[in-house]
Protein chains: 2
Amino acid sequence: MTTGLKKRPRTKTKRGSSSTPCSVHDCSACKIRDLTFCAGIEANELSDLSSISRRMLFAKRHIIFQEGDEANAVFNVTRGTVRLFKMTQDGRRQVTGFLLPGDFLGLASRSGYATSAEAITEVELCRFESDKLETLFERNRQLERRLFEIVDDELAVAQDQMLLLGRKTARERMASFLINLSEREEIRGGRDGAVYLPMVREDIADYLGLTIETVCRTLSQLKREGLIRQSAGHEFELLSNQGLLEMSGPT
Amino acid sequence: MTTGLKKRPRTKTKRGSSSTPCSVHDCSACKIRDLTFCAGIEANELSDLSSISRRMLFAKRHIIFQEGDEANAVFNVTRGTVRLFKMTQDGRRQVTGFLLPGDFLGLASRSGYATSAEAITEVELCRFESDKLETLFERNRQLERRLFEIVDDELAVAQDQMLLLGRKTARERMASFLINLSEREEIRGGRDGAVYLPMVREDIADYLGLTIETVCRTLSQLKREGLIRQSAGHEFELLSNQGLLEMSGPT
DNA sequence: CGCTTAATTGACACGCCTCAATAAAGGTGG
DNA sequence: CCACCTTTATTGAGGCGTGTCAATTAAGCG
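Since the model is a prediction, treat every value here as computed from it, not as a measurement.

Undergrad: Help me get a handle on the relation of the copies chain A and chain B, residues and values and all.
TA: One copy of the chain maps onto the second through a rotation around an axis plus a translation along that axis. Mapping chain A onto chain B is achieved by rotating through 180° and translating by 0.0 Å along the same axis, at an RMSD of 0.0 Å. Put plainly, the chains are arranged around a two-fold axis. Of the residues that chain A buries at the interface, 100% are likewise interface residues in chain B, meaning the two copies contact each other through the same surface.

Okay, here's the thing in structure tokens:
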């Protein structure tokens, strides 16, 4: 069987209160603003944005929202890592993405949020109520345009992932994943070639359409071949970007 | 191997002129307008839309655009079936979707069209230049809003497909595919339970992340089990929607 | 009708999954 | 900081679903 059908017991997630209640946020001090739709606003109008944004904190493993929930807010991740996923009734899970600081959170269709979102680490979010944002869009088309660009990019990413899931081998998937994360962390100021993987193997497996065991074996294989090194618990180093790129399969 | 690595010779596609040059289109006579973003405009403003839309005809197997092409126009499919896909250098292909009349075509990110688009049958399109549409959006926010809804829906569909590609068996994929097409054709006025499959087996395989042979075998299996029937060349009948639904795998 | 392309089926191979055992990592309380 | 326990990660052995290769049939088309 090519699919992960196993009904594994999953780590229980936690609902309810985030660690801190919402608090007002000062957008002018935001370190990741350039990565988000907020970059679409002029510096002198930042107070407009600040006035409708609220900071939120979620502890590790807490649910931010669930698939199908009414989507009345969108978020920017400002700290930590988030996993997005869909689940089937019989316990199969597909992780559709991992979000890093600067990433947009809250894409939804008319039937609510398209995926569930959970904090992998402690997560800090910047929350915008949809209707307030709509109002701001009326006055600031550039802001809206940035959001559309982001959604379009998301879709392009989703289609790349379809190619990965439909047509790549386990090795290629793993290599693609490591390079992708490495590039994204580099943009955020991470050290070149260093990758931090806060998610557990099961998350990676559910993201790549593999099993935990195959993820482990593939990682071990890459280590044996000298392509990567595990420098600490969740810290990896990519020793040959070139090799991994070739292995990740041609576009 | 779980992936379709084979470098198959593919049917050659055709570039160049569509069968007819662009011609002005009368939106008020459009039969599928309610399905598209055009539904976001009032009847008395339809002339605005007509004035910037051009009808285009593409012969079977002709390329409409290629991945990466500069995206200066969007389309609505008004007749025929379109396949969207990404290709790798070594010949692997992932079909990301099939478009029916009423579907939107032309999603792109800043780096151009996200996929290639080809006519499976003869295809009629309604073409809108992006900048002209932008101008119309300035005056008609509702129209723009509808387009966003469509993009959001696309993203939700893409995520469902990730679940299918990452976590479903061949049988489940095939059942999901048949039901999905059946439902979409029903919305468009097709006969209940009847499915028209203009695409070849290879297209289905590349859409579902399988091989031609597995698609064939799975279809044959469904026939033997009395769940479907092939009434004509590309015409199928779903004999047990219930059975197929159960087989398609829970959500 | 003849030729090309598409679809089907069989036999076999193999990559990834399943099951199982063990090791390593992470918390927690003392 | 150390025992203890739980969770996570790793590795091995074997099975199976789907891929590969090949032959045949059916469909499409000039």
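Having seen it, we continue.
Undergrad: Tell me about the nonpolar core, and please be specific about residues and values.
TA: For soluble globular proteins, nonpolar side chains are generally found buried alongside one another. Ranked by internal contacts, the top residues of the largest apolar core, which has 104 residues, are Phe-177 of chain A together with Phe-177 of chain B. Ignoring anything within four residues of it in the chain, the contact list for Phe-177 of chain B reads Phe-98, Leu-197, Met-199, Ile-204, Tyr-207 and Leu-208 of chain B.

Undergrad: Could you give me a rundown of the pairing of strand β6 (residues 93-99) of chain B, with the residues and numbers involved?
TA: Residues and elements named next belong to chain B. Within β6, seven of the seven residues are buried, which leaves it mostly tucked inside the rest of the structure. Relative to β6, strand β5 (residues 82-87) runs antiparallel, the two being bridged by six bridges. Bridging across to β6, Val-82 finds its partner in Leu-99. Between β5 and β6, which pair antiparallel one after the other, the connecting turn spans five residues, and Gly-91 there sits at a positive phi close to 95°.

Undergrad: Go over the domain arrangement of chain A with me, naming the residues and quoting the values.
TA: All names here are of chain A. Under the domain assignment used here, chain A contains domain 1 (14-162) and domain 2 (169-247). Its C-alpha centre places domain 1 at a distance of 25 Å from the equivalent point of domain 2. At the junction of the two partners, domain 1 supplies 17 residues and domain 2 supplies 14 residues. Surface buried jointly by domain 1 and domain 2 totals about 1,300 Å² across both partners, of which 55% is contributed by carbon and sulfur atoms. When residues of domain 1 are sorted by the area they lose upon contact with domain 2, Arg-93, Phe-98 and Leu-100 head the list and together hold 45% of the total. Our enumeration of links across domain 1 and domain 2 arrives at five salt bridges. Two residues, Arg-83 and Asp-203, come together in a salt bridge whose shortest N-O distance is 2.7 Å.

Undergrad: Account for the interface of chain A and chain B, naming residues and giving values.
TA: Listed as interface residues are 53 residues of chain A and, on the opposing side, 53 residues of chain B. Both faces combined, the contact of chain A with chain B buries some 4,800 Å², and carbon together with sulfur accounts for 54% of it. Notably, a salt bridge pairs Arg-92 of chain A with Glu-172 of chain B, separated by 2.7 Å at the nearest N-O pair. Sorting the residues of the side of chain A that touches chain B by element identifies β5 (82-87), β6 (93-99), β8 (108-109), α2 (130-139), α3 (141-167), α4 (170-187) and α5 (201-208) of chain A as the ones contributing at least two each. If you tally residues by element for the side of chain A that touches chain B, the top one is α3 of chain A, at 21 residues. Tallied by class, residues from the side of chain A that touches chain B come to 17 nonpolar, 15 polar and 21 charged.

The rules behind each value
Residues numbered from 1 in each chain as written. Chains lettered and ligands numbered in written order. Predicted model: local features only at pLDDT ≥ 70, side-chain atom pairs only at ≥ 80, totals over all residues. Heavy atoms only, no water. Least-squares fit on C-alpha atoms with pLDDT ≥ 70 in both. Contact = heavy atoms within 4.5 Å. Core = buried A, V, L, I, M, F, W, Y, C linked by side-chain atoms within 4.5 Å. Buried < 20%, exposed > 50% of the residue type's maximum accessible area, 1.4 Å probe, protein only. Helix = DSSP H or I, 4+ residues; strand = E, 2+ residues; numbered from the N terminus. Pairing = 2+ DSSP bridges. Domains from an automatic or database assignment. Buried area = accessible area lost by both parts, 1.4 Å probe. Salt bridge = Lys/Arg side-chain N within 4 Å of Asp/Glu carboxyl O. Nonpolar A, V, L, I, M, F, W, Y, C, P; charged D, E, K, R; others polar.

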